[in-house]
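# Geometric and topological summary
Listed below, chain by chain, are the residues.
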Amino acid sequence: MEIDSREFSIASPVKSVRFGGSVSEILAKHEQGDSSDYDLLKHQLADPCIKDAQIISWLQEIRSCVSQLNKDHEQLIYTVLKLPWIGRRQAVVEEYMTFLGNLVSAQTVYLCACLKMVVTYFTPMRVRICVEGVNISDSEDEDEYENLSRNFDQCHKALQLIARYVPSTSHFLMPVFQENFPFIQKSSRTLECYVHNLLRVSVYIPSIRRDILELIIGKMLQLDVSASRSDIEEAEEIAMQNLQGHPLKEEGLFDMDEDMPANPSTMAVTSHSVAERLDTLMAVLMAYVKDICHVNGSLHVERTKELYRDLLSVFDKLILPTHASCHVQYILFYLCSFRLALTEAFLDHLWKILQNPSQPAILRQAAAGYLGSFLARAKFIPVLTVRACLDLLISWIHGYIDSQNSSGKQACCDINLHGPFYSTCQAVFYVLIFRHRALLEGHMKKGLEYLQSLNLERVVMCQLNPLKLCLPTVTSMFAAITRKYQIVFCYNVIERNNRQLLPVVRSSTGGDCVTTKTNPLDSFFPFDPYLLKRSGQAIEPLYQVWEEFEDTELLSPRTSKQGPREDDDDFLYGDTPKADAIVGMTPNSFDSNLCSPNSIGSPPITFQKPF
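Residues numbered from 1 in each chain as written. Predicted model: local features only at pLDDT ≥ 70, side-chain atom pairs only at ≥ 80, totals over all residues. Heavy atoms only, no water.

### Considerations on the pattern of salt bridges
Tallied over the entire structure, the rule returns 16 salt bridges. Its salt-bridge partner being Asp310, residue Arg210 comes within 2.9 Å of it at the nearest N-O pair. Of the two residues, Arg210 is situated in helix H10 (residues 209-226) and Asp310 in helix H13 (residues 301-319); the sequence distance between them amounts to 100 residues. Since its relative accessible area comes to 36%, Arg210 is described here as partly exposed. A single network of salt bridges, built from pairs that share partners, joins Lys29, Asp34 and Asp37. (Salt bridge = Lys/Arg side-chain N within 4 Å of Asp/Glu carboxyl O. Helix = DSSP H or I, 4+ residues; strand = E, 2+ residues; numbered from the N terminus. Buried < 20%, exposed > 50% of the residue type's maximum accessible area, 1.4 Å probe, protein only.)

### So, the environment of Arg458
Assignment of secondary structure puts Arg458 in helix H20 (residues 456-461). For Arg458, a relative accessible area of 25% translates into the label partly exposed. Residues Arg458 and Val488, 30 residues apart in the sequence, show an inter-C-alpha distance of 9.1 Å. Leave out the neighbours within four places in its chain, and Arg458 touches His398, Ile401, Asp402 and Asn405. Side-chain polar atoms of Arg458 contact the side chain of His398, separated by 3.1 Å. (Contact = heavy atoms within 4.5 Å. Polar contact = N/O pair within 3.5 Å; in protein donor to acceptor, adjacent residues only side chain to side chain.)

### Regarding unusual backbone geometry
Of note in the backbone geometry, Asn296 takes a positive phi value of approximately 55° without being a glycine. Tracing the sequence through the fold places Asn296 in the loop between strand S3 (294-295) and strand S4 (298-299). Of note in this structure, Asn465 is not a glycine but carries a positive phi near 55°. Here Asn465 lies in the loop between H20 and helix H21 (466-469). Under the relative-accessibility criterion, Asn465 is labelled buried at 8%.

### Here's the deal with the packing of helix H2 (residues 36-45) against helix H4 (residues 74-81)
Here H2 crosses H4 at 15°, and the two axes come no closer than 9 Å. Classified by the interaxial angle, the pair formed by H2 and H4 is roughly parallel. H2 and H4 meet at a crossing whose hand is left-handed. Where H2 abuts H4, its residues Tyr38, Leu41, Lys42 and Leu45 lie against Gln75, Leu76, Thr79 and Val80. A breakdown of the residues in the contact of H2 with H4 according to their chemical character gives five nonpolar, two polar and one charged. (Axes fitted to C-alpha atoms, helices over the stretch in contact; angles between N-to-C directions. Parallel < 35°, antiparallel > 145°, perpendicular 65-115°, else oblique. Left-handed = near helix turned anticlockwise from the far one by under 90°. Nonpolar A, V, L, I, M, F, W, Y, C, P; charged D, E, K, R; others polar.)

### Some points on the confidence of the model for the protein chain
Low-pLDDT stretches of the model should not have their predicted coordinates read in fine detail. Looking at the protein chain, the pLDDT average stands at 80 and 75% of residues meet or exceed 70. For the protein chain, strand S1 (residues 129-131) is the element with the lowest average pLDDT, namely 42, and helix H14 (residues 330-336) is the one with the highest, namely 98. Confidence drops under a pLDDT of 50 for residues 127-133, and excluding neighbours within four residues, the segment shows 13 contacts in the predicted structure. (pLDDT = per-residue confidence, 0-100.)

### Brief notes about helix H12 (residues 273-293)
Here H12 is 21 residues long and its end C-alpha atoms lie 31 Å apart, about the 30 Å a rise of 1.5 Å per residue gives. Of all the 21 residues making up H12, 18 are buried; the element is thus mostly covered by neighbouring parts of the structure. (Expected span 1.5 Å × (residues − 1).)

### Focus on the packing of aromatic side chains
Throughout the structure, instances matching the rule amount to 30 aromatic pairs. With a centroid separation of 5.7 Å and 85° between ring planes, the pair formed by Tyr370 and Phe527 is classed as edge-to-face. On the criterion of sequence distance, the pair formed by Tyr370 in helix H16 (residues 361-377) and Phe527 in the loop between strand S6 (513-515) and helix H24 (533-539) is long-range, its members being 157 residues apart. A relative accessible area of 0% places Tyr370 in the buried class. Look at Phe374 and Phe527: their rings are 5.7 Å apart centre to centre, the planes differ by 45°, and that puts the pair in the tilted class. Of this pair, Phe374 sits in helix H16 while Phe527 is found in the loop between S6 and H24, placing the two residues 153 residues apart along the sequence. Each member of the pair, Phe374 as well as Phe527, carries the same accessibility label: buried. One aromatic cluster in this structure is built from Phe315, Tyr330, Phe333, Phe346, Tyr370, Phe374, Phe380, Phe527, Tyr530 and Tyr543. (Phe/Tyr/Trp six-rings, centres within 6.5 Å; stacked < 30°, edge-to-face > 60°.)

### Describing the packing of helix H5 (residues 90-106) against helix H6 (residues 111-119)
It is at 9 Å that the axes of H5 and H6 come closest, and there the two elements cross at 150°. Accordingly, the angle class assigned to the pair H5 and H6 is roughly antiparallel. Once H5 is placed against H6, the crossing between them reads as left-handed. Two secondary-structure elements touch here, H5 through Tyr96, Leu100, Leu103 and Val104 and H6 through Leu111, Cys114 and Met117. A breakdown of the residues in the contact of H5 with H6 according to their chemical character gives seven nonpolar, no polar and no charged.

### Regarding helix H23 (residues 491-499)
Inspection of H23 places Tyr491, Val493, Ile494 and Asn497 among the buried residues, and these make up the whole buried set. Summarising the axial view, the buried residues of H23 lie within an arc of 160°, below the 170-degree limit, and thus occupy one face. Residues of H23 that are exposed and point more than 90 degrees away from the buried face comprise Asn492 and Arg499. Where the residues of H23 are buried, they touch H20, H21 and helix H22 (472-484). (Arc of directions from axis to C-beta.)

This is the structure:
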């Protein structure tokens, strides 16, 4: 039976078998052309059964010759960098860190190699079980999880040591992080460990925090767009059918996960495999956001503002231009819940993008979608803030209508010409659907006077005809609410739009024409219901779900004939009457979106060809 030397102290002299002379003698012989001992040294260092005492002895000798280890000795250095030092006894770890400090100080040419070596330990070690020369397993070593926290601490101490000796370390880290980021198909545990460690680096090297967040969120967006809302819901339905008994339990890996408002004994697991990985990363990132922004349970204003600025930069660069992401944007939603000033700053930022004509139309439309969805869904936004935003939006809408009327040209209903206008109108309608009760609460008369002051009738009746291009579910519910409170009567416009000739769209692949009633407005509601179970427990208390109206008078006769839906917590999930066949479209392409993911809360896609 082989005894591991790590179980014993090395205070007393330990004899170990070694061949060749000292390292200084070996290097001298190598310089003279005799590489036999040099190759033997590399072989002994690469021995997978090397003992702690042997590692310490070799490292001490190599440190004494570190000034000679230039680029010509990179093979030797790379062999030393592969030594299994993580998880060994403290004496080995300390000796190895001392070696790293000496090496990067004397030979900066090896800086990137040292950084890569440390970063490779950011994920759990892999093991191979070899039977008769054949590798039959490449699974994660479950026993290693008990020591992960200790191993990661050693990695970060090494990284901080290197950064202290080489101040320019931060400039070389991001390419290393990017290169070593696990494939998004890797296990949740692997991704969780890596993201957790990157976030830890951002704490003690804050100069690259924005770049780290950009890298992490970019990878998370890849997961997000790969798991559509419909796919996640289908996976959950299948899991519910197959599950008998209690849901599986998944423990958090790090202490900071304890900040999540969850009961670990009943931790739910998202059934969709891709969504489950995203759920894990969202939980880690939310815990990080909370830890950064709070000190001893109290919000640290300055640190929160700095993190907000970093996340807002990533939002502009990655999240806002990404269509049909379902969950990653909730990082901003969660952060803004900490303080009203953050909420108002985010709303103001979206407003500036929307009303800026120099911005691309697609980004202005996305900003309108974020504005409407955020105002409608965030419980923490007070009514006064909602009113202030509605005032800005409706004023811009009326100004746009004025500019079209004064142009002397006949205004036409064209999404390509007026996309931001239609998106803004839909945002206003959407907010009123969710927030009209709050606007009317307390003082009905003043609330009605405010709604009437918005002059919604002019918006609905204008030649640009926004009801024609808005999502039919939004249109019908807005019409029902405004009719109930006698603010504006929309049904004449809706019926006129329904009687108009159906547009003809020619298929890009040739053949027959496609006739359909389209919804060419890019109807993206970024804060549709959150489906991820683990991280969703932090979002749930902040989120406004759709509440069905008690009085059936709100629904038009055509809508009220529809049967009830089970578990319908959001009005956008309601079925649209079959007469209103809808094709979800983005401004990019018609054909490419005929089978687009149903992740934006739109009614089911119906595609019809003429007979």
